[in-house]
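Analysis of the macromolecular model
Here are the chains, one letter per residue:
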Amino acid sequence: MSYSTMAQMMCECSDDQGEPVAPTPAASYPEELNVIVTEVVDGCHLWGQVNLEGKNNLLELQELQKGLNQLCPAPPLPPGEKTGAAPFEGEWYRVWVQEELPEDQLQLMFVDYGNTAVLPRTEVSPLLIPALWDLPPQAIPFKLAGLTPSTSSGPEKLKELVSWQVVSMKQSQCGTCEPHILEVEVFVPGISDSVNKLMKKETSGEDPPLTEKPFEGSESKLQSNVNKVVPVTASKASDHSIPGQKMAKGKGN
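Read on for a plain summary of the structure. Model, not experiment: these values are computed from the prediction.

1. Overview of the environment of Glu 60
Looking at the element boundaries, Glu 60 is found in helix α2 (residues 57–71). Linking Glu 60 and Leu 135, residues 75 residues apart in sequence, is a C-alpha distance of 7.7 Å. If near-sequence neighbours (up to four positions away) are discounted, Glu 60 is found in contact with Lys 55 and Leu 135.

Have a look at this one:
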C-alpha cells in the first residue's frame, strides 16, 4: 500500500476524520521487534501486528472486537461511508472501504490485519460509535529486505514460513521503501537462516536447506494473541466471502 493510500486510510479511520493522519514512520519503531504475521501479500510484502511496549494495543484490539460483536449486525453501510465492520464466522472486524464496485459490492480492507475482500454492501455494517476508532488500525506493512516479488520464491512459500507465526524482525538500513513500510530481516523459531535467505530464488530451482536451532526469542509474550478467529484474505474476489481458519497455536502448528 502506498504512503498516500495509507494516509487516506488512517485519516478516514480516525475518530476525527477532519484532521490529516500520517502513517507511523518506520524509523519510529524499535530496531528489533516481535510481530504476529497476519497477511502475506506476495513473495516479499506482508502485514503484521506489533504489541507496542507499554501500550497493550493488542489487548485493546481484542476488547474492541468484543464490542463490535455486541453492536453488529446493523443496517447496511450507507453509500459514501468509508468505515464499518464486516463478519467472519460470526465475529465482526473493522474494515475500510477501498472502493465501491458495481452491483453494490464493496472492496474492503480489514484494517487490523491487512487482508482484503469483496462483500455485498448488505453484509457490511456502519460503526456508529466514534470511540470504536480511538485505536488506530493495527496492521503494519513490512517488506523483506533485499527481495522483490521477482527475486523471491513466491507468496505460497512465504505463507508456509511465516503466516500466523510470531516472528522476530530486525529493521534493515537499506532505506529503499516508502517511509511507512518497515524493511526487515525476518527469523522464525527453530531456523537459524533468515526468512529473507530462504525466500531468495535459487538459480538451480532448489530450495536452500533449513538449518534448525533452538529459538531463544521473546515471542512467547505475543503467543496468546494468535489464539483467535481472524479474517483471512479471499483467494478469489468473485467468491464474495472471507475464507479463514481458527488459529490455535500449539495445536498442530
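2. A few points about the pairing of strand β6 (residues 116–120)
On a regular strand, each side chain points to the face opposite its neighbour's, so the side chains alternate between the two faces of the sheet. The buried count for β6 comes to four of five residues, which makes it a mostly enclosed element. Examined bridge by bridge, strand β5 (residues 105–110) and β6 share five bridges and lie antiparallel to one another. Considered in β6, the bridge of Gln 107 is made with Val 118. Taking the residues between adjacent antiparallel strands as the criterion, β5 and β6 are bridged by five residues, where Gly 114 takes a positive phi near 95°.

3. Here we look at the sheet that holds strand β8 (residues 166–171)
The five strands are arranged β1-β2-β7-β9-β8 in a closed barrel whose pairing can be described as mixed. Across the sheet, the mean angle separating the axes of adjacent strands is 55° when strand polarity is ignored. Relative to strand β9 (residues 182–187), strand β7 (residues 140–144) is paired through three bridges, and the arrangement is parallel. Directly across from Phe 142, in β9, lies its bridge partner Leu 182.

Rules and cut-offs
Residues numbered from 1 in each chain as written. Predicted model: local features only at pLDDT ≥ 70, side-chain atom pairs only at ≥ 80, totals over all residues. Heavy atoms only, no water. Helix = DSSP H or I, 4+ residues; strand = E, 2+ residues; numbered from the N terminus. Contact = heavy atoms within 4.5 Å. Buried < 20%, exposed > 50% of the residue type's maximum accessible area, 1.4 Å probe, protein only. Pairing = 2+ DSSP bridges. Axes fitted to C-alpha atoms, helices over the stretch in contact; angles between N-to-C directions.

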